[in-house]
Every structure is written in C-alpha cells, then in structure tokens.
Amino acid sequence: MTTTPVVRALGDLAHAGAHPGTTACTCAPPQVLADRPDGTVVRSGPVVAKAHAPDSEAHALAARLSLAASPRLAGILLPPLRAPAGAPGSAEGRTVSLWPYGVPVDPSDPDAAPWEEAAELLARLHRTPPPHPLPPMRGPAKAARAVARMCAARPGDEAVGPVLAAWRGLPAWARAEMSEPEHRGGFLCHGDLHLGQLVRHPASHGPWLLIDVDDAGLGDPAWDLARPAAWYAAGLLPPTIWLRFLETYRAAGGPAVCAEGDPWPGLDVPARAITVQTAALALAKSAAEERSPDEVEQLMIDACVRIATLPPELVSGPAS
C-alpha cells in the first residue's frame, strides 16, 4: 500500500475508529480506496477515513458534512461517523472525516447497476428542503476546472479546439461564471452524480445510499441527471437504461425535468457541460499518460465535435 504521510495518518484514524484501543487487534492492514489530489480515502475494517481536497473551503466543507449528518437526509445520504475522542481532525493540513464502509457498485456487473435506485435517491434529495444554509453546488466549477486542466496539459494542441468550442457555446452559469438562473437554482443537489457515488449500507445487504458530499449544495437539479443524459446522447448508455432511469426519477416526483413530454429543455445545458467536462478530462489524462484517447473517451470527444457544430438556435433556450 502507498505509504504517504496522509495515507498513514488516515490508516491510523480509520483503525482507531474501527475498535477501541483496549481491544486486541487482529485487523488487516488499512486499504487505500482512492488517492487523488481531490480526496484520499483509506479503509480499516468497517471504517473509512477521508482526507478532503487541500483547497477545500473550511466553512463550505463543514456545511456539506453537516448536510450528510442531518436527520432530514437519512436514507438518502450516508451519514458520517464521529471521530474517536482525541483523534485529529486533519491529516497533513487536510480536513479528515470518518464514514462507515459501504459496498460500492460492482463495475464487472453492469446489468446489476442500480440506475432506478439512483434515480429515486436523486428525486428524494432534490425534493428535500435544505436543512441549513449551504454553498452552491460545485458541478459547474468542476467542469471549468476540467477545461483548465485540459488546456494546461495540451497547450497549442488543435485537439482541444472542438472541446473549447463546445465549452464556449454554454451559458455563463454552466461555466461557473455566474449563478444559475433563479428559476433553476436553489434545489439541494449532489453535484457529482455517477455510479461510484452509491454504496450499500449496512454493507452487502443494506439499501443504496449516496456518498461524497464534497460538491453538494444548492443549484440546478438537472446537473445530477446530466451524466447519464450525456452518456445516453453519446451512445454510451443504452436507451432502455436511460428511459428506466428517467421514468423512475419522474415517478418519484423529481423536479429537474417536466413530469411528461420532452425532458431535454431542462437537461440540454447540463448534459452538454458534462460532455465537455468528460472530454476535457480525457484529453488531459491521455496527454499525461502519453497515449491516444481510448474508445470511450473518443466518443465523448466526438460528441463535443457535434455540439460545437450545432447552429446557435439549437444551443440556446430556456435553460440558458
């Protein structure tokens, strides 16, 4: 296992949370679940310790962690654990939180992916009144960061042209340059919904819950539907799965789209933004790894080519 100071500190903290210090220890070594600049996650038995991004704004992060702990979100968000008495609240200057371990979605069994469960959880989240003041949902900010990362990784590269063109065709709010339109913002949003953000808890047999509130906040609920919508539009998500997801969300009273009829007036802008974000990250990662984009990555890049060539009347409207 990686033994950076952050990983070691998280392993110790997760282990301390897993059982009292007076208990004889037969635990397996801590397991690194993720080690990225925006979050390092280490598991020890039933406890997971997470070091949040170094640039996390302390007040906003505290509000998001309080959101996960709110009884109003019980059964929707996985609640955090209390840290052991005397345990540090940070590791190498990064805020740390403790969580119960939940079983993630099995990537080797796509037919069992919980699309309907995800849709119902999102609808419930979006319908829930915020329990306290919250910062804006960070979806647009993450998209802007992905584009900046792509430009830094490929300076002067013509390959970024269609992605930038698609980006520039988005309204200012979707590029994190201004707040969402008043009629679209103000809903409780996850901010970074994908299947990796669901776990079963209690592990293996419990209900599905949403995890990772680092990007949660108030905003346009359509952003939480944007990734499956973008995958469907790019040909990555079969129409039958997309329709199951959409109809479950609608049946649960989700406010991101109209209850009947064409959902795309509400989804178009966020889906295009997520397409750009995904393509930008693909170009940045492939440049760093000195390889060409793989087949899936190229599909999202090609989608940006199509978006960039749309006439202006098809890339503007109520959502802009």
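Use the structure listed above.
Keep in mind it's a predicted model, so treat the numbers as computed, not measured.

Its place among the elements puts Ser 286 in helix H8 (residues 264-288). A relative accessible area of 0% places Ser 286 in the buried class. Among the polar contacts listed, one links the side chain of Ser 286 to the backbone oxygen of Ala 282, at a separation of 2.8 Å. In terms of polar contacts, Ser 286 uses its side chain to reach the backbone carbonyl oxygen of Leu 283, at 3.2 Å. Not counting residues within four places of it along the chain, the set of residues in contact with Ser 286 comprises Arg 154, Arg 291, Ser 292 and Pro 293.

In this section: the packing of aromatic side chains. Given two aromatic rings, one states the distance between the centres and the angle between the planes to describe the pair. Inspection of every chain in the model, using the stated rule, returns seven aromatic pairs. Residues Trp 115 and Phe 245 carry aromatic rings whose centres are separated by 5.8 Å and whose planes lie at 90° to one another, so their mutual orientation is edge-to-face. In this pair, Trp 115 sits in helix H3 (residues 115-127) while Phe 245 sits in helix H7 (residues 239-251), placing the two residues 130 residues apart along the sequence. Both residues of the pair, Trp 115 and Phe 245, belong to the buried class. An angle of 65° between the planes, with centres 6.1 Å apart, marks the rings of Trp 173 and Trp 223 as edge-to-face.

Take the packing of helix H5 (residues 161-168) against H8 next. The axes of two packed helices give the description: the angle between them and the distance between them. In the contact formed by H5 and H8, the axes pass within 10 Å of each other and the chain directions differ by 155°. Our classification of the angle between H5 and H8 gives roughly antiparallel. Read as a crossing pair, H5 and H8 show a hand that is left-handed. Facing Val 163, Ala 166 and Trp 167 of H5, the residues of H8 in contact are Val 276, Ala 279, Ala 280 and Leu 283.

This paragraph deals with the sheet that holds strand E8 (residues 198-200). Strands in a sheet are paired, the pairing made by backbone hydrogen bonds, and the direction either parallel or antiparallel. Strands sit in the order E6-E8-E9 across an open sheet of three strands; the sheet is antiparallel. At either end of the open sheet lies a strand with only one pairing partner, and these are strand E6 (103-104) and strand E9 (208-210). As defined by bridge partners, E8 adjoins E9 across three bridges and the pair is classed as antiparallel. Bridge pairing in E9 links Arg 200 to Trp 208.

Taken in spatial order, the five strands make up an open sheet running E1-E2-E3-E5-E4, and their pairing is antiparallel. Pairing within the sheet leaves two strands with one partner each, and these edge strands are strand E1 (31-36) and strand E4 (90-91). Relative to strand E2 (residues 39-44), E1 runs antiparallel, the two sharing five bridges. Looking at the pairing, Val 32 lines up with Val 42 of E2. Along the sheet, helix H2 (residues 58-69) makes contact with strand E3 (47-52) and strand E5 (94-100), crossing E5 at roughly 5°.

Moving on to H8. Since the α-helix advances by 3.6 residues per turn, residues separated by three or four positions end up pointing in the same direction. Compared with an ideal rise of 1.5 Å per residue, which puts 25 residues at 36 Å, H8 spans 35 Å between its outermost C-alpha atoms and is within 8% of the ideal. Phi for Glu 290, located one or two positions after H8, is positive at around 55°.

With respect to burial, E5 is a largely interior element, six of its seven residues being buried. Judged from the five bridges that link them, E3 and E5 form a sheet pairing that is antiparallel. What sits directly across from Ala 51, in E5, is Val 96. Across two bridges, E4 lies against E5 in antiparallel orientation. Across the sheet, the residue bridging to Ser 90 is Thr 95, located in E5. The turn joining E4 and E5, which pair antiparallel and follow one another in sequence, is formed by two residues; a positive phi near 55° is taken by Glu 92.

Cut-offs used in this document
- Residues numbered from 1 in each chain as written.
- Predicted model: local features only at pLDDT ≥ 70, side-chain atom pairs only at ≥ 80, totals over all residues.
- Heavy atoms only, no water.
- Helix = DSSP H or I, 4+ residues; strand = E, 2+ residues; numbered from the N terminus.
- Buried < 20%, exposed > 50% of the residue type's maximum accessible area, 1.4 Å probe, protein only.
- Polar contact = N/O pair within 3.5 Å; in protein donor to acceptor, adjacent residues only side chain to side chain.
- Contact = heavy atoms within 4.5 Å.
- Phe/Tyr/Trp six-rings, centres within 6.5 Å; stacked < 30°, edge-to-face > 60°.
- Axes fitted to C-alpha atoms, helices over the stretch in contact; angles between N-to-C directions.
- Parallel < 35°, antiparallel > 145°, perpendicular 65-115°, else oblique.
- Left-handed = near helix turned anticlockwise from the far one by under 90°.
- Pairing = 2+ DSSP bridges.
- Expected span 1.5 Å × (residues − 1).

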